[in-house]
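If you want the building blocks of each chain, they are given just below.
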Amino acid sequence: MSDDDHTLPYPAADSEHPTLVIPGGGDGADAAVEPARKRRRWPWVLLIVVVVLALLAVAAELIARAVLPGIVRSVVIEQLDLPADQELEVAADGILIPQLLGGSLDSLHLSTDSVTLEGITGAADVTATGVPLRGGDLGGASGTIRIDESQFTALLADTDLPIETVTLEAPNATVGGSVTVLGISIPVSLTVTPGIAEGDLELTPVGLTIGGLEVDADQVGASLGSLGERLTETQRICIADQLPAGILITGLTVQGSDAVIDVDVDGDIATDETLLEKGVCPQG
């Protein structure tokens, strides 16, 4: 090879001679990056949607729990003709949103420290089940009514016992009064255990004091005749005419200085106004 046959050098890489990229060249890794990144975003998007829906559900539940008590309180006050400022606590069990959508509450708890129904005043604690939101009968309801000595005395208004005072001391009640024998007024104190029999108030004597002296049943029967028998026999008093007809008394106990009455409520009381009126005692 002669010296005249020179090989020309490659031009230097500069802006005047840019490097060309061959379309479709390379191993395809760069082309797969973007779709992979898009696919990896989906789990995060789904997670965010789930979190947002959960927050909305929680918010809806909180709103329902904030609004529902006021609505229920208004309905109860209207139906029972209670004072507008009547104290009444309302609480519902379970998750509310599905129940509201279904049109019925599984369980609704109502309580108050003081309410007056048909002249009887006491603290009430009642739980209703199957509560329809669009009208209709309740599935059922039960609870307790707690009354003090003065209200318990009112329940004894129709008894033959000489009652001027009543003292409650668990588990008994002691009634005090006087009887007249041969023109002389003699103080009498009778201790009884209260209970319920077929909806009636039942008083079973457990102790008797006459003129300050404790006596037994035989002595009273022998000395006071028919009056003594009335003092020592079990008393049964109908109290249906002192309560709404839709409320059935199922039990009664003395707790401390209060009488606690167990009640069952007729589910039809929500639609039958006659069940809100006083019951009737048999004539006899």
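Heads up: the structure comes first, above all this text.
About the cut-offs
Residues numbered from 1 in each chain as written. Predicted model: local features only at pLDDT ≥ 70, side-chain atom pairs only at ≥ 80, totals over all residues. Heavy atoms only, no water. Helix = DSSP H or I, 4+ residues; strand = E, 2+ residues; numbered from the N terminus. Buried < 20%, exposed > 50% of the residue type's maximum accessible area, 1.4 Å probe, protein only. Contact = heavy atoms within 4.5 Å. Disulfide = S-S within 2.5 Å. Core = buried A, V, L, I, M, F, W, Y, C linked by side-chain atoms within 4.5 Å. 1 Å grid on protein atoms, 1.4 Å probe; cavity = no way out; pocket = protein on both sides within 12 Å on 5 of 7 lines; lining within 4 Å. Points joined across faces, edges and corners; volume = space filled by probe spheres on them. Nonpolar A, V, L, I, M, F, W, Y, C, P; charged D, E, K, R; others polar. Patch = residues over 30% accessible without salt bridge, like charges linked within 9 Å, V, L, I, M, F, W, Y side chains within 5 Å. Areas by Shrake-Rupley, 256 points an atom, 1.4 Å probe, with all protein chains shown as cover. Salt bridge = Lys/Arg side-chain N within 4 Å of Asp/Glu carboxyl O. Pairing = 2+ DSSP bridges. Axes fitted to C-alpha atoms, helices over the stretch in contact; angles between N-to-C directions. Polar contact = N/O pair within 3.5 Å; in protein donor to acceptor, adjacent residues only side chain to side chain.

Caption draft 1: Structural view of the environment of Val260. Structurally, Val260 is set in strand β12 (residues 258-265). A relative accessible area of 7% places Val260 in the buried class. Expressed as a C-alpha distance, the spacing of Val260 and Thr144, which sit 116 residues apart in the sequence, is 6.5 Å. Leave out the neighbours within four places in its chain, and Val260 touches Thr144, Ile145, Arg146, Gly251, Leu252, Thr253 and Gln255.

Caption draft 2: Structural view of the state of the cysteines. Summed over the entire model, instances satisfying the criterion amount to one disulfide. In this model Cys238 forms its disulfide with Cys281; the gap between the sulfur atoms is 2.1 Å. Judged by the torsion about the S-S bond (-95°), the Cys238/Cys281 disulfide is left-handed. Of this pair, Cys238 sits in the loop between β10 (235-237) and β11 (247-255) while Cys281 is found in the segment after β12, placing the two residues 43 residues apart along the sequence. Under the relative-accessibility criterion, Cys238 is labelled buried at 17%.

Caption draft 3: Local environment of the nonpolar core. Ranked by size, the top nonpolar core spans 51 residues in total, and within it Leu108, Ile147, Phe152, Leu155, Leu156, Leu201 and Leu203 carry the most contacts. In this structure Leu203 touches Phe152, Leu156, Leu161, Val192, Thr193, Pro194, Glu233, Thr234, Gln235 and Ile237, once residues within four positions along its chain are discounted.

Caption draft 4: Highlighting the layout of surface pockets. Its volume calculated, the largest pocket comes out at about 1,000 Å³. Lining the largest pocket are 42 residues, and of these Val76, Gln79, Leu80, Leu110 and Leu138 lie nearest its centre. The element contributing the most residues to the lining of the largest pocket is strand β2 (residues 104-117), with eight residues. In the lining of the largest pocket, the residues fall into 29 nonpolar, eight polar and five charged.

Caption draft 5: A look at unusual backbone geometry. Ala170 connects to Pro171 through a cis peptide bond whose omega is 5°. Looking at where Pro171 falls in the secondary structure, it is placed in the loop between β5 (165-169) and β6 (172-181).

Caption draft 6: Quick peek at a nonpolar patch on the surface. A grouping of Val45, Ile48, Val49, Val52, Leu53 and Leu56 is seen on the molecular surface, where their side chains present a nonpolar patch of about 530 Å² in accessible area. Positionally, Ile48 belongs in helix α1 (residues 29-79).

Caption draft 7: Structural view of the sheet that holds strand β3 (residues 120-132). Strand order in the open sheet made by the six strands is β1-β2-β3-β4-β12-β11, with antiparallel pairing throughout. Every interior strand has two partners, whereas the edge strands, β1 (89-92) and β11, have only one. Across the sheet, the axes of successive neighbouring strands diverge by a mean angle of 15°, strand direction being ignored. One ladder, built from seven bridges, connects β3 with strand β4 (residues 140-147); its direction is antiparallel. Each residue of the ladder has a partner; that of Ala128, found in β4, is Ala141.

Caption draft 8: Structural detail: the pattern of salt bridges. The tally for this structure, following the rule as stated, stands at three salt bridges. In this structure, Arg236 engages Asp200 in a salt bridge whose closest nitrogen and oxygen atoms are separated by 3.2 Å. Here Asp200 lies in strand β8 (residues 200-210) and Arg236 lies in strand β10, a separation of 36 residues in the sequence. Its relative accessible area of 42% is what places Arg236 among the partly exposed residues. Three or more residues joined by partner-sharing salt bridges are found here, namely Glu198, Asp200 and Arg236.

Caption draft 9: Looking closely at the side chain of Asn172. With respect to the secondary-structure elements, Asn172 resides in strand β6. Among the polar contacts listed, one links the side chain of Asn172 to the side chain of Thr193, at a separation of 2.6 Å. If near-sequence neighbours (up to four positions away) are discounted, Asn172 is found in contact with Thr167, Thr191, Val192, Thr193, Pro194, Val206 and Val254.

Caption draft 10: Local environment of empty space enclosed by the protein. One pass over the structure, following the stated rule, counts one cavity of 30 Å³ or more. When its volume is computed, the largest cavity comes out at roughly 70 Å³. When residues in the lining of the largest cavity are grouped by element, the largest group, four residues, is from β3. By residue class, the composition of the lining of the largest cavity is eight nonpolar, two polar and no charged.

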